[in-house]
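Residue-level structural notes
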Amino acid sequence: MTTPQIAILMGSASDMKIMQETGQILDQFGVTYEMKVLSAHRTPEETAEYVKSAEGRGIQAFIAAAGFAAHLAGAVAAQCVLPVIGVPLDASSLQGLDSLLSTVQMPKGIPVACVTIGKAGAINAGLFAIQILSRSQPELVEKLKDYREKMREQILSSQPS
Ligand code: RP5
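Residues numbered from 1 in each chain as written. Predicted model: local features only at pLDDT ≥ 70, side-chain atom pairs only at ≥ 80, totals over all residues. Heavy atoms only, no water.

With that settled, the discussion passes to the site of the ligand. In the vicinity of the ligand, the contacting residues are Gly11, Ser12, Ser14, Asp15, Arg42, Ala66, Gly67, Phe68 and Ala91. Within the contact set of the ligand, an oxygen atom lies 2.7 Å away from a side-chain nitrogen or oxygen of Ser12. A distance of 3.1 Å separates an oxygen atom of the ligand from a polar backbone atom of Gly67. For the ligand, the protein covers 72% of the area, taking 370 Å² as the surface of the free molecule. Residues of the shell around the ligand, tallied by class, amount to three nonpolar, four polar and two charged. (Near = heavy atom within 4 Å. Polar contact = N/O pair within 3.5 Å; in protein donor to acceptor, adjacent residues only side chain to side chain. Areas by Shrake-Rupley, 256 points an atom, 1.4 Å probe, with all protein chains shown as cover. Nonpolar A, V, L, I, M, F, W, Y, C, P; charged D, E, K, R; others polar.)

This is how it looks when you write it as structure tokens:
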């Protein structure tokens, strides 16, 4: 089995639909990953154990997604010195503003990189993780350039007639 480079964590199975977007972008770039449902609040011990074991298994960065009072990314960052990208999810009546603030407002010393709420954030978290990996994997730099070139072409070809 191929060693996963990225760990995608989410606080509940109900987050899976959005977080599949992250998996799809990593698949597109040929980046290996594993996905786990682990909660900062409901499985605190299992979350800490999993994160502590990750570095030794070759994980290079974490993507941690959660809704409501979203502490998962911060809880992961507390247990390791790998980069952690937090994805705030729209799961409550506050439409993700709660998870955005919970994820982005880390106090000094334990950083979490926070992306956009929801699907756009799930995709950007994947791309940001790929950018991290690309520092030591030059083939990913080329793939990132191709990805951007396709976006450029798509925008330029969608002019009003
Ligand atoms: C958060 O609470 C999870 O990340 C999820 O977004 C939200 C709802 O979880 P469930 O009640 O669907 O398990 O911890």
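Attention now goes to helix α2 (residues 44-54). Within α2 the residues assigned to the buried category are Thr47, Ala48, Tyr50, Val51 and Ala54. Axial view of α2: buried residues confined to an arc of 165°, hence all on one face. α2 presents Glu45, Glu49 and Lys52 as exposed residues on the side facing more than 90 degrees away from its buried surface. Buried positions along α2 lie against β1 (6-10), β2 (33-37), β3 (61-66) and α3 (72-77). (Buried < 20%, exposed > 50% of the residue type's maximum accessible area, 1.4 Å probe, protein only. Helix = DSSP H or I, 4+ residues; strand = E, 2+ residues; numbered from the N terminus. Arc of directions from axis to C-beta. Contact = heavy atoms within 4.5 Å.)

The next point concerns the sheet that holds β3. Spatial ordering of the open sheet is given by β2-β1-β3-β4-β5, a layout of five strands whose pairing is parallel. Each edge of the sheet is formed by a strand with only one pairing partner; in this case those strands are β2 and β5 (113-114). The sheet contact formed by strand β4 (residues 84-88) and β5 spans two bridges and is parallel. The partner of Gly86 across the bridge, within β5, is Cys114. Packing against the sheet, helix α4 (residues 97-104) makes contact with β3, β4 and β5, and its axis sits at approximately 165° to β4. (Pairing = 2+ DSSP bridges. Axes fitted to C-alpha atoms, helices over the stretch in contact; angles between N-to-C directions.)

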